[in-house]
Amino acid sequence: MESGLTWRGVEIDGWTALALLEWQREMGADDVMLDSTTDRTALPTAKPAPAQPAPAQPATATRSHDPHPEEDHVGLAESLAAQAATLDDLAEAQQGFDGLELKKGARNFVFSDGNPAARVMIIGEAPGEEEDAQGKPFVGRAGQLLDRMLDAIGMGRALPDATRAVYIANVLKWRPPGNRRPTPHEIALSLPFLRRQVELADPEIVVLMGNTPCAAALNREGITRLRGNWTEAFGRPALPMTHPAYLLRNPIAKREAWADLLSLADRLVL
Ligand code: URA
């Protein structure tokens, strides 16, 4: 029986279509842009244009063959961040910063959530699909688990009382395609803004959720060894903890995460 489905001109069955769709999702294609696909392999090859002298490039221009086209922008990120006098200024400055290619593929800029006056600032990795859609950090499954974890020690992002509230942000403010891990270069470009965000929010304690914030703030990774050991980041006490997404995949690790939460509550004398 004919399935009526074709891919690149070849008829395929429903299972193959599903497998192709699944593969595209894994590659990070999570949105339908057009009603029909274009088979680019079947398009006629354009005649090569006659050779033209390359236009002169300004020294700071990004070039597509450059493996680090964003390199020149670290200085700009530092100066924009330094000029921000408030968190709103900082959000505006970072949102307008074009040094990260990620910005082009993201739906929303995800700056923060919670109470900026909170004693505790929680720093995660980067927005995922749900966060990208809503423009808020930690609102997907991992975020819901984070809310339950905080609730268990009487804390929460929606609490007006700064003693028990949290302020939440990620190292990266735009979603990496397919939720891949941020590259060291993306972290380097985001760090000046994050550092200033911590300075302006001025929490007593920072919680580093997972490897990426540890890489950014401590220049160290290996969360299973780092977790639970108080250290210092951005000039204040810092507690590395396993990321809630890791806890969803490894429920056995929740016992240690609970011990870390109790350690946080003790430190805050809750
Ligand atoms: N994981 C993160 O690190 N941050 C989010 O905002 C969501 C998932």
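One structure accompanies this document, and this report is about it. Just so it is clear, the structure is predicted and the values come from calculations on it, not from any experiment.

Things to note about the site of the ligand
Close to the ligand lie Gly124, Glu125, Ala126, Glu131, Pro137, Phe138, Asn170 and His243. The side chain of Asn170 places a nitrogen or oxygen atom 2.8 Å from a nitrogen atom of the ligand. Across the complex, the protein chains shield 91% of the 240 Å² of accessible surface that the ligand would expose by itself. The class makeup of the residues in the shell around the ligand is three nonpolar, three polar and two charged.

Comments concerning the side chain of Asp113
Tracing the chain through its elements places Asp113 in strand β3 (residues 113-114). Of note is the side chain of Asp113, whose polar atom sits 3.0 Å from the side chain of Arg157.

A short note on unusual backbone geometry
In this model, Asn219 sits at a positive phi of 60°, which is unusual for a non-glycine residue. Examined against the element boundaries, Asn219 turns out to sit in the loop between α8 (211-218) and α9 (223-226). Here Phe234, not a glycine, exhibits a phi torsion of approximately 50°, which is positive. Within the secondary structure layout, Phe234 lies in the loop between β7 (231-233) and β8 (236-241).

Points about the environment of Gly228
Along the polypeptide, Gly228 turns up in the loop between α9 and β7. Take Gly228: its relative accessible area is 24%, and that puts it in the partly exposed class. Gly228 has contacts with Leu239, Pro240 and Asp260, leaving out every residue within four places of it along the chain.

Points about the pattern of salt bridges
Evaluated as defined, the whole model comprises eleven salt bridges. Close ionic contact of Asp113 with Arg157 constitutes a salt bridge, the shortest N to O distance being 3.0 Å. With Asp113 in strand β3 and Arg157 in the loop between α6 (141-152) and β5 (166-170), this pair connects stretches of sequence that are 44 residues apart. Note on Asp113: relative accessible area 17%, which makes it buried. On the basis of relative accessibility, which here comes to 12%, the residue Arg157 falls in the buried class. Through salt bridges with shared partners, one network takes in Asp113, Asp147 and Arg157.

Thresholds applied
- Residues numbered from 1 in each chain as written.
- Predicted model: local features only at pLDDT ≥ 70, side-chain atom pairs only at ≥ 80, totals over all residues.
- Heavy atoms only, no water.
- Near = heavy atom within 4 Å.
- Polar contact = N/O pair within 3.5 Å; in protein donor to acceptor, adjacent residues only side chain to side chain.
- Areas by Shrake-Rupley, 256 points an atom, 1.4 Å probe, with all protein chains shown as cover.
- Nonpolar A, V, L, I, M, F, W, Y, C, P; charged D, E, K, R; others polar.
- Helix = DSSP H or I, 4+ residues; strand = E, 2+ residues; numbered from the N terminus.
- Buried < 20%, exposed > 50% of the residue type's maximum accessible area, 1.4 Å probe, protein only.
- Contact = heavy atoms within 4.5 Å.
- Salt bridge = Lys/Arg side-chain N within 4 Å of Asp/Glu carboxyl O.

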